[in-house]
Amino acid sequence: MLKCLATASFGAMLMASSALAQSCADGKTLTEGKLTIATGNPAYYPWVIDDAPESGEGFEAAVAYALAKEMGFAAEDVVWTRTSFDQAIQPGEKDFDINMQQFSITPERDKVVDFSASYYTAAMAVIVRGSDAVEPDMAVLKGLKWGVVASTTALPMVTQTIAPDASPLIYDDTANVVEAMKASQIDAALFDLPTALYVAAVMLEGGRVLGQFPAEEGPDADRFGALMTDGNPLKECVDQALVGLKSDGRLSAIEAKWLQQATDVPLIK
Amino acid sequence: MNRRQAYEVGQRRRALAIAGLSTAAVLLAIILLVPLAPGWTQVRASFFDGGIFIETFPTLLRAFLVDIAIFAWSVPLIFGLGLAIALARGARAPALFPLRIFGALYVDVFRGVPVVLVIYLVGFGVPGLGLPRPWNSPYIWGTVALVLTYSAYIAEVLRSGIESIHASQRAAAICLGLSERDTMRYVILPQAIRRVVPANMNMLVALQKDVALLSFIGPVEILRQAGIYKSLLANFTPYVVAAVIFLIVTVPATRYADYLMNRDRNARS
């Protein structure tokens, strides 16, 4: 009898430990067994195709599903929600486990929220409209009127690296920058490369990606990470899953699939 | 001091003491109870970071000068156009009927459409027609949008002032041999404008805050600058700084409007 009990408890321990090994995220998500992921509203191409992350189409949507799978969630256990940038960083309870909308990892932001390891390193690219006369050259860039989106790290890049003669105009989102370009209130805009390619191809008639600043691997690189609440225990699971995705090339494959056009854009000197 | 005066002094003292005590009790309750809320430390870190407050204050104050400049050149335009619209709506000659219709339509449209929408439409739309620089500046067209909207409000305020002047004033002026035009200029308007000064002060306070909406189309004024800091630092303290700067200006303005309103009421009673 005693032996039987011992076996049973040993069996239970085994099962528990195997379950533990299987999913690091157990009990760490908002809803047990579900992973709630937030994205932008709207979410833009090529990060999410057609503003429908549930399809898994688009770079961030694909990474999200790969992450979820690696963390032990089935595709149907992934729940999508939407937040703005401000909702992501405001204090208090959040309605997402992780938030993926091209958040650049910065030390200042890291004090308030937690970031996963980076899943993409973005090059910054310059968009201009029409005129072939503009060369991808720093001296020329200084003379242009710039526009950028307020909440992106493109702003410090413009003010510090390019340091144009006229102070830049600042907008709420990509659509407004495009509108200002159409109204020729600005000559050039700075986006991360995939967004820039989309803007030039689809949103802005006559738009052209002039060139890109190299995506450095240094501390100043614009690296995207998934955002979580400060001190979220889920962080180690996400990081672990990202290591898994990087080690066997699955992350690179997703990048190649959704962000491949990013390769043949001239560098700005 | 007779008995009755002594009694009244005592009553007043008692009322003051009770008011003081109840105010102190409410303040104490706020000071003691709010920090007990479970999220207080995060809220304090996000909204009331002293270091960030001091760091961002000078830049935000400088950005506020942009607001003041826009405000300063908008006000005369608004009053000029507002008065013109009010007079157009009050035109009595049958031949001027189209003018009355225009005035009514103008007020209906611009009072009915949200300011932000007018700013977007005029600020991006008109320059989009192909105006050359500098005539497509968002400062110019943003100002035009503000003037369009606020002159509709001011026109209504002025019209109510004009209509509040008793018909006998007009009759008396005509009996004295004043022309229709001189009646309006020397008899009706001086009284009407004085009567609506308090209401117009309120409009100015509202305009002072709405100037910040111009940031939607590019200008980096205080609200936008605070937003830039917010996304760089992932902290909302810059917005609190902006609120404080706004209050420094609007509280005296509101108090002055109250004072004018009281004086007006006392003068009439």
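Residues numbered from 1 in each chain as written. Chains lettered and ligands numbered in written order. Predicted model: local features only at pLDDT ≥ 70, side-chain atom pairs only at ≥ 80, totals over all residues.

## Thoughts on the overall build of chain A
On a plain count of helices and strands, chain A comes out with ten helices and ten strands. Within chain A, the fraction of its 269 residues that count as buried is 46%. In chain A, 73% of the contacts between residues at least 6 apart in sequence involve partners at least 24 apart. (Helix = DSSP H or I, 4+ residues; strand = E, 2+ residues; numbered from the N terminus. Buried ≥ 20, exposed ≤ 12 C-beta atoms within 10 Å, placed from the backbone. Contact = placed C-beta atoms within 7 Å.)

## A short note on the interface of chain B and chain A
Each side of the interface is counted separately: chain B has 22 residues, and chain A has 24 residues. Put simply, the parts of the chain that give the side of chain B that touches chain A at least two residues each are α2 (40-47), α5 (115-128) and α10 (222-233) of chain B. The leading source of residues in the side of chain B that touches chain A is α10(B), at six residues. Its residues assigned to classes, the side of chain B that touches chain A shows eleven nonpolar, nine polar and two charged. (Nonpolar A, V, L, I, M, F, W, Y, C, P; charged D, E, K, R; others polar.)

## Here we look at the sheet that holds strand β8 (residues 188-192) of chain A
All names here are of chain A. The sheet built from five strands is open, its strands ordered β7-β6-β8-β5-β9 with mixed pairing. Single-partner strands in this sheet number two, and they are β7 (169-171) and β9 (207-213). Direction aside, the axes of adjacent strands within the sheet are offset by 30° on average. Contacting β5 (124-129), β6 (146-149), β7 and β8, helix α6 (residues 154-162) crosses the sheet at an angle of about 150° to β6. (Pairing = 2+ DSSP bridges. Axes fitted to C-alpha atoms, helices over the stretch in contact; angles between N-to-C directions.)

## Points about the nonpolar core
Of all hydrophobic cores here, the largest spans 136 residues; its most connected members are A:Leu67, A:Ile127, A:Val148 and A:Ala189. Here the element with the most residues in this core is helix α6 (residues 138-164) of chain B; it accounts for 13 residues. Setting aside residues up to four positions removed in sequence, A:Ile127 forms contacts with A:Ala188, A:Ala189, A:Phe191, A:Ala196, A:Val199, A:Ala200, A:Leu204, A:Gly207, A:Val209 and A:Leu210. (Core = buried A, V, L, I, M, F, W, Y, C linked by C-beta atoms within 7 Å.)

## Examining the environment of B:Gln169
All names here are of chain B. Inspection of the secondary structure assignment puts Gln169 in helix α7 (residues 167-175). Given 14 C-beta atoms within a 10 Å radius, Gln169 is considered partly exposed. With 29 residues separating them along the chain, Gln169 and Ile140 place their C-alpha atoms 41 Å apart. Aside from chain neighbours lying at most four places away, what touches Gln169 is Val187 and Ile188.

## Details of the domain arrangement of chain B
Assigned domains of chain B: these are domain 1 (1-36) and domain 2 (48-268). Computed from C-alpha atoms alone, the centre-to-centre distance between domain 1 of chain B and domain 2 of chain B is 40 Å. (Domains from an automatic or database assignment.)

## Some thoughts on the packing of α7(B) against helix α8 (residues 180-195) of chain B
Residue and element names in this part refer to chain B. Where α7 meets α8, the axes come as close as 10 Å, and the angle between the chain directions of the two elements is 130°. Our classification of the angle between α7 and α8 gives oblique. For the pair α7 and α8, the crossing hand works out as right-handed. Counting all contacts with α7, which are made through Gln169, Arg170, Ala173 and Ile174, the residues of α8 involved are Thr183, Val187 and Ile188. Taken together, the residues of the contact of α7 with α8 break down into four nonpolar, two polar and one charged. (Parallel < 35°, antiparallel > 145°, perpendicular 65-115°, else oblique. Left-handed = near helix turned anticlockwise from the far one by under 90°.)

## Digging into the domain arrangement of chain A
Residues and elements named next belong to chain A. As assigned here, chain A comprises domain 1 (25-121 + 221-263) and domain 2 (124-213). Computed over C-alpha atoms only, the centres of domain 1 and domain 2 are separated by 27 Å. The interface is formed by eleven residues belonging to domain 1 together with ten residues belonging to domain 2. The residue makeup of the side of domain 1 that touches domain 2, split by class, is six nonpolar, four polar and one charged.

## Structural notes on helix α2 (residues 59-70) of chain A
Residues and elements named next belong to chain A. The terminal C-alpha atoms of α2 lie 16 Å apart, and with twelve residues this matches the ideal 16 Å at 1.5 Å per residue to within 8%. For α2, the tally of buried residues reaches ten of twelve residues, placing the bulk of the element in the interior. Three or more residues of α2 are buried, namely Phe59, Glu60, Ala61, Ala62, Val63, Ala64, Tyr65, Ala66, Leu67 and Ala68. The secondary structure elements touched by the buried residues of α2 are β1 (35-39), β2 (78-82), β4 (113-122), α9 (234-247) and α10 (250-258). One or two residues past the end of α2 sits Gly72, with phi positive at roughly 95°. (Expected span 1.5 Å × (residues − 1).)

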